Amino acid sequence: MNVAPAAFPRSRPRRLRSLPALRRLVAETRLSASQLILPLFARPGRRERRPIGSMPGVFQLSVDELLKEAETAFKAGVPGVILFGIPASKDSRATGAYARNGIVQQAVRALRRELPDLLIVTDVCLCEYMSHGHCGLVEKGPRGPVIRNDPTLALLARTAVSHAEAGADLIAPSDMMDGRVGAIREALDKSGFTDTPIMSYAAKFASAFYGPFREAAESAPHFGDRRSYQMDAANGDEALREVALDIQEGADIVMVKPALAYLDILHRVKSEFRLPTAAYAVSGEFSMIKAAAARGWIDERGATLEALLSIRRAGADIILTYSAVDVAGWLKAGA
Ligand code: PBG
C-alpha cells in the first residue's frame, strides 16, 4: 500500500467509526456460527457427564448425552462437531481406535441416525487409545523408546476407514506421522469412500496449550513428550513444507494448531495455498480466557469474540472451538 499522506489531507478514519451501522458496514472480517466446529468427548456409559476440571463447561459425555449436546449446538447454528474418544480400556496397539464398536464409531452412528444434517468430523489419532499415550507405535531404541512412523500408518488408515464406515463426513488426522494423509486417502479410496474429504492437522505444533485437553481426553504421554512428531514452535517455513506435503498427499482442508500463538503461520498458509483453511483454538486458549473471566479479570464474551475474529482475520475459514455454542448465542444476540 502506497498512499502519500498529502493526497488525503482531510482523511479522518473516525468518520467511519461514528455509528454502529457504519462500523458493521465497513467491517472487513466477519465471524459466523456457520464457520465453527465444536469438539466433543465421547466416553462409555449412560447419562454420564463428567466435568473436565481445567475446562469449565466442557464434559466427557456418554453417547446419549453427547447427542443432546450436538443437538443444542446444531440448533444454535453450529454446523458440525469433531469427536474425540475416551475408550473403556487402552493397549499398546490402540485397538480401541479402529474397533468396529469403538466409542467414536458408536457416537458417529448415533449422531448420523439422530441428526442427519449435522456435519460429523472425526479426529483420527491413537494417543487416546494407547496405554502409553503416544500418537504412534512405540519401540525400544538405543536411547530409549522411539515412536515408529511407518508401522503406525496402517493403524491410522484402519481408524479412518472405520470412522467412514460408521458415517463420518470428514476425517481429521491429528497424529503428525509422516505420510499419514496419503495412507488414509488410499485406504478410504480402496474402501469406496472416495468422496469422504480429509481435513489434516497439517501444521500441528508441540504446544503447552494442549494441557487441558490431555486431562479431557486422558491422553497425556506417560513418558517423554511429542516433540519427535509435532512441530517446533520456532518454525514457520517448515510449517509451509508440512502443509504442502499434506496437500500433495490429498488433504482437502488444512489446519493450523494451536491458533492464537500461531496467527502468522495461519496467515502464511492461507496466502500461500489458498485452500480451505482451519484453525484449532485449542484447550489452553479456551481455559486461559475462562480462568481469567472466572476471577473477573477479563470479559469472557469480548475476549472470546476478539480472539476468534483475529483467527478469521489471519486467514482461517473454519475454527474449531470449545466456545462454539456460546459464540453462536452471542452472535445471534448481536455481538
Ligand atoms: C490428539 C490431539 C490433541 C489435541 C487434538 N488432537 C492433543 C495432543 O496432541 O496432545 C489438542 C486439542 C486441544 O488442546 O484442544 N493428538
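The paragraphs below set out a description of the structure included in this document. (Residues numbered from 1 in each chain as written. Predicted model: local features only at pLDDT ≥ 70, side-chain atom pairs only at ≥ 80, totals over all residues. Heavy atoms only, no water.)

**Comments concerning the environment of glycine 144**
Selection rule: Working definition: helices are DSSP H or I runs of at least four residues, strands are E runs of at least two. Numbering for both runs from the N terminus.
Mapped onto the elements, glycine 144 comes out in strand β7 (residues 144–147). C-alpha of glycine 144 to C-alpha of glycine 224: the two residues are 80 residues apart in sequence and 9.6 Å apart in space.

**Section: the site of the ligand**
Worth spelling out the cut-off: Nearness is judged by heavy atoms alone; a residue qualifies as near a molecule or strand once a single heavy atom is within 4 Å of it. Any pair of nitrogen or oxygen atoms within 3.5 Å is treated as a polar contact; in protein, a donor-acceptor pairing is required on top of that, and neighbouring residues in sequence qualify only through side-chain atoms on both sides. Cavities and pockets were defined on a 1 Å grid built over protein atoms only: a cavity is a set of grid points that admits a 1.4 Å probe from which the probe cannot escape, a pocket is an open set flanked by protein on both sides within 12 Å along at least five of seven lines, and lining residues are those with an atom within 4 Å of any such point. Whether a molecule sits in a cavity or pocket is decided by its atoms, more than half of which must lie within 2 Å of the grid points. All amino acids are sorted into three groups, where Ala, Val, Leu, Ile, Met, Phe, Trp, Tyr, Cys and Pro are nonpolar, Asp, Glu, Lys and Arg are charged, and the leftover types, Gly among them, are polar.
Taken together, 18 residues form the shell around the ligand, and within it Arg214, Gln230, Lys257, Ser283 and Tyr322 come nearest. Between the ligand and glutamine 230, the relevant distance is 2.8 Å, taken from an oxygen atom to a side-chain nitrogen or oxygen of the residue. Judged by the proximity of its atoms to the pocket grid, the ligand belongs to the largest cavity. Tallied by class, residues from the shell around the ligand come to 10 nonpolar, three polar and five charged.

**A short note on the nonpolar core**
Under the convention used in this document: Here, nonpolar core refers to any group of buried Ala, Val, Leu, Ile, Met, Phe, Trp, Tyr and Cys residues whose side-chain atoms link them within 4.5 Å. Only protein chains enter the area calculation, which uses a 1.4 Å probe; residues under 20% of their type maximum are buried, those over 50% are exposed, and those in between are partly exposed. By definition in these notes, contact holds between two residues if any of their heavy atoms fall within 4.5 Å.
Membership of the largest hydrophobic core comes to 83 residues, with the highest contact counts inside it found for Leu83, Leu111 and Ile311. A total of eight residues in this core trace back to one element, the largest contributor, which is helix α5 (residues 150–166). Those residues in contact with isoleucine 311 that sit more than four places away from it in its chain are Ala259, Leu260, Leu263, Leu266, Ala279, Ala281, Glu285, Ala316 and Ile319. Within the second largest apolar cluster, 26 residues are counted, among which are Ile37, Val121, Ala216 and Ile253.

**Observations concerning empty space enclosed by the protein**
Where we set the bar: Grid points are joined across faces, edges and corners, and a volume is the space filled by probe spheres set on the points.
Scanning the entire structure with this criterion turns up two cavities of 30 Å³ or more. By volume, the largest cavity is sized at about 150 Å³. Forming the walls of the largest cavity are 18 residues, and the residues nearest its centre are Lys204, Tyr210, Phe213, Arg214 and Lys257. Grouping the constituent residues of the lining of the largest cavity by class yields eight nonpolar, four polar and six charged. Of the volumes computed, that of the second largest cavity is approximately 120 Å³. What lines the second largest cavity is a set of 13 residues, and nearest its centre among them are Glu285, Phe286, Ile289, Thr304 and Ser323. Of all the elements in the fold, those that place two or more residues in the lining of the second largest cavity are α10 (283–294) and α11 (300–314). The residue inventory of the lining of the second largest cavity, partitioned by class, reads seven nonpolar, three polar and three charged.

**Side note on unusual backbone geometry**
Between lysine 257 and the following residue, proline 258, the backbone shows a cis peptide bond with an omega angle of -10 degrees. Mapping proline 258 onto the fold places it in the loop between β10 (253–257) and α9 (263–273). One non-glycine residue with positive phi stands out, namely alanine 94, at about 55 degrees. With respect to the helices and strands, alanine 94 occurs in the loop between β4 (80–85) and α3 (95–98). Even without glycine at this site, methionine 176 takes up a positive phi of about 70 degrees. Looking at the secondary structure, you find methionine 176 in the loop between β8 (170–173) and α6 (180–190). Methionine 176 sits in the buried class, given a relative accessible area of 4%.

**Structural notes on the layout of surface pockets**
In this model, the second largest pocket occupies a volume close to 230 Å³. What lines the second largest pocket is a set of 17 residues, among which Leu38, Gly57, Val58, Glu69 and Tyr322 lie closest to the centre. Per-element tally for the lining of the second largest pocket: the top contributor is strand β1 (residues 36–43), with four residues. Of the residues that constitute the lining of the second largest pocket, the class distribution is 12 nonpolar, two polar and three charged.

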